[in-house]
Amino acid sequence: MKTCVVCETKFDSISWKCPLCGYAPELISGFLSFVPELAKGSEGFNTNFLANLYNIEPHNFWFRSRNHLIIWALQNYFPEAKNLYEIGVGTGFVLSGIESAFPHLQLYGSDIYIERLTYAANRFKKAKLFQMDARNIPFESEFDVIGAFDVLEHIEEDELVLSQMHQALKKREGLF
């Protein structure tokens, strides 16, 4: 179920246009944007590192090992999952690993910065990506599994984000 980020109306529709207030997210660089004022970055966000990170991840032991652990956890704890949503998709390395291991999963990913989504979109074929703030997730009871890898420690309101993630889960038990 979708949740309007302006008036908080819950609705089930193919369109993102809110049936109550008429709000619809902007399209920026081909991605739905729920907080366009945050989409371009901030003082602490250096886009120069993205290209390096994008190239390093497939060869780095930390990133490869983390993907193996995430895939293992999905296989062992969420074998019946039909969809997965990653918050803070970054350059898309985790989601691309999940896509390779679980081609049947419907995949979704978001990031607060559009430039990260542009990098991520190059890594996989079928994931649906959008720009949003994890403190205001526009879904309720929508996903079987939600992951936020190397994200929460960067958000001061981490308890709010966890609450939003919990709200977006179908069964309220697939967070990791």
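Definitions and limits used
Residues numbered from 1 in each chain as written. Predicted model: local features only at pLDDT ≥ 70, side-chain atom pairs only at ≥ 80, totals over all residues. Heavy atoms only, no water. Salt bridge = Lys/Arg side-chain N within 4 Å of Asp/Glu carboxyl O. Buried < 20%, exposed > 50% of the residue type's maximum accessible area, 1.4 Å probe, protein only. 1 Å grid on protein atoms, 1.4 Å probe; cavity = no way out; pocket = protein on both sides within 12 Å on 5 of 7 lines; lining within 4 Å. Points joined across faces, edges and corners; volume = space filled by probe spheres on them. Helix = DSSP H or I, 4+ residues; strand = E, 2+ residues; numbered from the N terminus. Nonpolar A, V, L, I, M, F, W, Y, C, P; charged D, E, K, R; others polar. Axes fitted to C-alpha atoms, helices over the stretch in contact; angles between N-to-C directions. Parallel < 35°, antiparallel > 145°, perpendicular 65-115°, else oblique. Left-handed = near helix turned anticlockwise from the far one by under 90°. Contact = heavy atoms within 4.5 Å. Pairing = 2+ DSSP bridges.

S.K.: Which residues make up the pattern of salt bridges, and what are the values?
M.R.: Per the stated rule, a full pass over the model turns up seven salt bridges. Taking the shortest distance from any N to any O, the salt bridge between R116 and D111 comes out at 3.2 Å. Residue class for R116 comes out partly exposed when judged on its relative accessible area of 24%. In this structure, R135 and D133 form a salt bridge, with 2.6 Å as the shortest nitrogen-oxygen distance. Its relative accessible area of 31% is what places R135 among the partly exposed residues. By relative accessible area, D133 is classed as buried at 11%.

S.K.: Any chance you could break down the layout of surface pockets for me, citing the residues and the numbers?
M.R.: Taken as a whole, the second largest pocket encloses approximately 270 Å³ of empty space. If you trace the second largest pocket, you find 14 residues lining it, with K2, W16, Y108, K128 and F139 closest to the centre. Per element, the largest residue contribution to the lining of the second largest pocket is three residues, and it comes from strand 7 (residues 128-131). In the lining of the second largest pocket, the residues fall into nine nonpolar, one polar and four charged.

S.K.: Any details on the packing of helix 1 (residues 48-56) against helix 4 (residues 114-121)? Residues and values, ideally.
M.R.: Orientation of helix 1 relative to helix 4, taken along the N-to-C sense of each, is 25°, at an axis distance of 11 Å. Taken together, the axis directions place helix 1 and helix 4 in an arrangement best described as roughly parallel. When you trace helix 1 past helix 4, the crossing you get is right-handed. Only E115, R116 and Y119 of helix 4 make contact with helix 1, whose side of the interface consists of L50, A51 and Y54. For the contact of helix 1 with helix 4, the class distribution of residues is four nonpolar, no polar and two charged.

S.K.: Explain the sheet that holds strand 4 (residues 31-33) to me, using residue names and the numbers behind them.
M.R.: Overall, mixed pairing links the six strands, which are arranged 3-4-7-6-5-8 in an open sheet. Pairing within the sheet leaves two strands with one partner each, and these edge strands are strand 3 (26-28) and strand 8 (145-147). Pairwise comparison of adjacent strand axes, ignoring direction, gives a mean angle of 25° for this sheet. Judged from the two bridges that link them, strand 4 and strand 7 form a sheet pairing that is parallel.

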